[in-house]
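The residues making up each chain are set out below.
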Amino acid sequence: QVQLVESGGGLVQPGGSLRLSCAASGGSFSSSFMAWFRQAPGKEREFVAAIRWNSGYTGYADSVKGRFSISRDKAESMVYLQMNSLKPEDTAVYYCATGRAILSSYTQVSSYTTWGQGTQVTVSS
């Protein structure tokens, strides 16, 4: 059974950086996308970034392009989200997810079947 465990969240000042980690276990990810979503209080869960496990293809939400970077370490079964130039509007619970999404659907919540428990990111002075 696939399991995902996020870590690395915390409190950071505007303009600061954080790196989130997602440890994946219990399955094969060769045909999968790995993604980060976030959910702020009172808002729907939204796509942040995704990476195709085998090819390394990446995609980003417009709101984070140029500031966030997703990567994976295949040997360690880890996925990372490097977040730079953080803004207060980036405050949310960040979730790691995996699923057999395709290029036309990898930004959609419904394309992902396994989710981590989430890690809180708070950007505030």
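This section reports on the structure supplied with the text.

The rules behind each value
- Residues numbered from 1 in each chain as written.
- Predicted model: local features only at pLDDT ≥ 70, side-chain atom pairs only at ≥ 80, totals over all residues.
- Heavy atoms only, no water.
- Salt bridge = Lys/Arg side-chain N within 4 Å of Asp/Glu carboxyl O.
- Buried < 20%, exposed > 50% of the residue type's maximum accessible area, 1.4 Å probe, protein only.
- Helix = DSSP H or I, 4+ residues; strand = E, 2+ residues; numbered from the N terminus.
- Phe/Tyr/Trp six-rings, centres within 6.5 Å; stacked < 30°, edge-to-face > 60°.
- Lys NZ or Arg CZ within 6 Å of the ring centre and 35° of its normal.

**Some words on the pattern of salt bridges**
The final tally for this structure, using the stated rule, is four salt bridges. With a shortest N-O distance of 2.6 Å, Glu46 and Arg38 are connected by a salt bridge. For Glu46, a relative accessible area of 36% puts it in the partly exposed group. Note on Arg38: relative accessible area 6%, which makes it buried. Two residues, Arg38 and Asp90, come together in a salt bridge whose shortest N-O distance is 2.9 Å. One end of the pair, Arg38, is in strand β4 (residues 33-39); the other, Asp90, is in the loop between β8 (78-83) and β9 (92-99), and 52 residues separate them in sequence. You'll find Arg38 and Asp90 in the same group, each marked buried.

**A short note on the packing of aromatic side chains**
Inspection of the entire model under this criterion finds nine aromatic pairs. Aromatic pair Phe47 and Tyr106: ring centres 5.7 Å apart, planes at 70°, arrangement edge-to-face. With a gap of 59 residues between them, Phe47 in strand β5 (residues 46-52) and Tyr106 in the loop between β9 and β10 (114-115) connect regions that are remote in the sequence. Across the pair, exposure class does not vary: Phe47 and Tyr106 are buried alike. Ring geometry for Tyr95 against Trp115: centres 6.5 Å apart, planes inclined by 80°, an arrangement best described as edge-to-face. Here Trp115 lies in strand β10 and Tyr95 lies in strand β9, a separation of 20 residues in the sequence. Judged by its relative accessible area of 14%, Tyr95 is buried. Judged by its relative accessible area of 23%, Trp115 is partly exposed. Ring pairing ties together the aromatic residues Phe33, Phe37, Phe47, Tyr57, Tyr95, Tyr106, Tyr112 and Trp115, which thus form one cluster. Lying across the ring of Tyr80, Arg19 places its NZ or CZ 4.1 Å from the centre. Over the ring of Trp115 we find Arg45, and its NZ or CZ is 4.8 Å from the ring centre.

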